[in-house]
Amino acid sequence: MSKGKYRLLGGEVSYFTGKTRSYLRFKEIPFDEVLATRDVYKNEIVPRVGFPVVPVLITPDDETLQDTTVIIDALEEKYPVASVYPVTPKQHLLALLLELFGDEWMKLPAMHYRWNYNMEFVVAEFGALSRPDLGKEEQLEVGRRTSKNFAGSLPFLGVTEATTAAIEESYEALLKHLNVHFEKYQFLFGDRLSIGDLGLIGPLYAHLYRDPASGEIMQHLAPRVVEWVKRMYDPEPGAGEFLADDVIPDSLDPIIQRMVDEQFPVLKDTICKLEEWLDRHTEEDIPRAIGMHEFTLLKNTHKEVTEQRGIFPYQQWMFQRAHDYYNTLDEESRRTIDSYLTPFGALELLQTPIRHRLRIENFNLVRA
Ligand SMILES: N[C@@H](CCC(=O)N[C@@H](CS)C(=O)NCC(=O)O)C(=O)O
């Protein structure tokens, strides 16, 4: 272990490790990436965090950071140069919202393609990550065991036979729209990567680019997205600027519209169900899921597919960041945002009050 360096415990196969790795490289923060093997989980991750999760970032002062958003925000304070947060209102708000879209909503295509098209590859990867000391056959055995919970979580995310076709249609359309955008721009908001790009790279690197069957789809449908993934994986440190004058390129319109149509109703209902739950419960700690709710996807842009999925309070915590930003803007910025977002139907959610707020304490969600 080199002194003065951060340690990133994770792996190439992990969604959120990819987000953190891109950030650390962009900021030129010295770090060693440490494979999250079985022993690292047992000796470092669980004792430090209290439960098994990656990535975990250990600072040179031996502080433990978990949750990529918490990690990035802690480091932004320490390394403010070349911030990944645009300072102008539209870009800032959309970067926060697109981070949430990448982090939480893109789990649907990421998990669907991974576990329905790349099972064999991923089982081997899970085995190799957990037990690099074993031979191939034994690693497969370990991989089958350690991947069970991930593969088993698909229905809980709303990835079922009923939604498969709609998820694929939606993802392929998203890829095509991103491809058009990246023909002209390096990143979402110009030449500098933002917190929105970092949200998207989670699913678009480990699952949708690196898993071989998914990678082929991306290569075929969206070669510019492949180039963006490579730029994100190995970004030029500190490079580039956000577009001047708070410009949001029109090529982001269909992507923003998809987020509003698909994810916003889920966020709205999550906030609503969580409010009821918190009214009825007194405990401080909030469970990872508080029941199931219905959600809708559009197939062939007309036929609606409805399915059940878990209600995840964490998503409200992430959304609070965008909600707080919007609700503390000065009047002029608010007017600009309102006229920009009204055609997308995005304002209702941002203007709905959040009665019970959440925060993260000791790696857990609690009432604020
Ligand atoms: N929102 C968290 C999520 C971390 C996360 O979900 N990590 C996945 C792997 S990429 C994991 O370890 N999941 C195991 C689990 O949650 O039980 C973050 O931003 O760090």
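Since the model is a prediction, treat every value here as computed from it, not as a measurement.

Caption draft 1: Molecular detail of the overall build of the protein. For the protein, the helix and strand inventory stands at 16 helices and 8 strands. Against the globule reference of 21 Å for 368 residues, the protein gives a C-alpha radius of gyration of 20 Å, in line with a compact fold. Across the 368 residues of the protein, 55% fall into the buried class. Within the protein, residue pairs in contact and separated by at least 24 positions form 73% of the contacts whose partners lie at least 6 positions apart.

Caption draft 2: Fine view of the site of the ligand. Around the ligand lies a shell of 13 residues, among which Val-54, Gln-66, Asp-67, Thr-68 and Arg-288 are the nearest. One of the backbone nitrogen or oxygen atoms of Val-54 is found 2.7 Å away from a nitrogen atom of the ligand. Contacts to the ligand include Thr-68, whose side-chain N or O atom sits 2.5 Å from an oxygen atom. Out of a free accessible area of 500 Å², the ligand has 81% covered by protein chains. Its atoms largely coinciding with the cavity grid, the ligand occupies the largest pocket. Class assignment for the residues of the shell around the ligand results in 8 nonpolar, 3 polar and 2 charged.

Caption draft 3: Highlighting empty space enclosed by the protein. Across all of its chains, the model carries 1 cavity of 30 Å³ or more by this definition. For the largest cavity, the full set of lining residues is Phe-101, Trp-105, Met-106, Leu-108, Pro-109, Ile-167, Ser-170, Tyr-171, Leu-174, Arg-258, Glu-262 and Leu-297. Of all the secondary structure elements, the ones that give two or more residues to the lining of the largest cavity are helix 4 (89–105), helix 5 (107–117), helix 9 (161–184) and helix 13 (253–280). The element that contributes the greatest number of residues to the lining of the largest cavity is helix 9, accounting for 4 residues. Of the residues contributing to the lining of the largest cavity, the split by class is 9 nonpolar, 1 polar and 2 charged.

Caption draft 4: Structural detail: the layout of surface pockets. Estimated volume of the largest pocket: approximately 1,700 Å³. Those elements that place two or more of their residues in the lining of the largest pocket are helix 1 (15–26), helix 2 (38–49), helix 5, helix 6 (119–130), helix 7 (136–152), helix 8 (154–157), helix 14 (314–327) and strand 8 (364–367). Per-element accounting of the lining of the largest pocket gives the leading share, 5 residues, to helix 7. A class-by-class count of the residues in the lining of the largest pocket yields 25 nonpolar, 11 polar and 9 charged.

Caption draft 5: Representation of the nonpolar core in the model. Counting residues in each nonpolar core, the largest one holds 106 residues, and the members touching the most others are Leu-204, Trp-228 and Phe-319. At 11 residues, the largest contribution of residues to this core is made by helix 13. Aside from chain neighbours lying at most four places away, what touches Phe-319 is Leu-97, Leu-100, Leu-267, Ile-271, Leu-349, Leu-350 and Ile-354. Counting residues in each nonpolar core, the second largest holds 9 residues, with Leu-9, Ala-36, Ile-45 and Val-53 among its members.

Caption draft 6: Up close: the environment of Leu-175. As for its position among the elements, Leu-175 is in helix 9. Residue Leu-175 is classed as buried on the basis of its relative accessible area of 0%. Sequence separation of Leu-175 and Thr-59 is 116 residues, and the distance between their C-alpha atoms is 36 Å. What Leu-175 contacts, discounting residues up to four positions off in sequence, is Leu-204, Ile-217, Met-218, Leu-221, Ala-222 and Val-225.

Caption draft 7: Structural context of helix 5. Judged by how many residues are buried, helix 5 sits mostly within the fold: 8 of 11 residues are covered. Along helix 5, the positions that sit buried rather than exposed are Leu-108, Pro-109, Ala-110, Met-111, His-112, Tyr-113, Arg-114 and Trp-115.

Caption draft 8: Representation of the pattern of salt bridges. Under the criterion given, the structure shown has 28 salt bridges. The closest approach of N and O atoms between Lys-5 and Asp-32, which form a salt bridge, is 3.2 Å. Within this pair, whereas Lys-5 is found in the segment before strand 1 (6–10), its partner Asp-32 is found in strand 2 (residues 31–35), the two being separated by 27 residues in sequence. Exposure remark for Lys-5: the relative accessible area of 28% places this residue in the partly exposed category. Take Asp-32: its relative accessible area is 24%, and that puts it in the partly exposed class.

Caption draft 9: Representation of the packing of helix 5 against helix 10 (residues 195–210) in the model. Running from N to C, helix 5 and helix 10 cross one another at 10°; their axes reach a closest spacing of 9 Å. Viewed along their axes, helix 5 and helix 10 adopt a mutual orientation that is roughly parallel. Residues Pro-109, Ala-110, Met-111, Tyr-113 and Arg-114 of helix 5 pack against Pro-203, Ala-206, His-207 and Leu-208 of helix 10. Partitioned by chemical class, the residues of the contact of helix 5 with helix 10 number 7 nonpolar, 1 polar and 1 charged.

Caption draft 10: Broad picture of the sheet that holds strand 4 (residues 64–66). What the 4 strands build is an open sheet, ordered 2-1-3-4; its pairing is mixed. At either end of the open sheet lies a strand with only one pairing partner, and these are strand 2 and strand 4. Shown here is a sheet whose adjacent strand axes are inclined to one another by a mean of 25°, direction ignored. Alignment of strand 3 (residues 56–58) against strand 4, held across 3 bridges, turns out to be antiparallel.

Conventions used here
- Residues numbered from 1 in each chain as written.
- Predicted model: local features only at pLDDT ≥ 70, side-chain atom pairs only at ≥ 80, totals over all residues.
- Heavy atoms only, no water.
- Helix = DSSP H or I, 4+ residues; strand = E, 2+ residues; numbered from the N terminus.
- Rg over C-alpha atoms; globule rule 2.2 N^0.38 Å.
- Buried < 20%, exposed > 50% of the residue type's maximum accessible area, 1.4 Å probe, protein only.
- Contact = heavy atoms within 4.5 Å.
- Near = heavy atom within 4 Å.
- Polar contact = N/O pair within 3.5 Å; in protein donor to acceptor, adjacent residues only side chain to side chain.
- Areas by Shrake-Rupley, 256 points an atom, 1.4 Å probe, with all protein chains shown as cover.
- 1 Å grid on protein atoms, 1.4 Å probe; cavity = no way out; pocket = protein on both sides within 12 Å on 5 of 7 lines; lining within 4 Å.
- Sits in = over half its atoms within 2 Å of the grid points.
- Nonpolar A, V, L, I, M, F, W, Y, C, P; charged D, E, K, R; others polar.
- Points joined across faces, edges and corners; volume = space filled by probe spheres on them.
- Core = buried A, V, L, I, M, F, W, Y, C linked by side-chain atoms within 4.5 Å.
- Salt bridge = Lys/Arg side-chain N within 4 Å of Asp/Glu carboxyl O.
- Axes fitted to C-alpha atoms, helices over the stretch in contact; angles between N-to-C directions.
- Parallel < 35°, antiparallel > 145°, perpendicular 65-115°, else oblique.
- Pairing = 2+ DSSP bridges.

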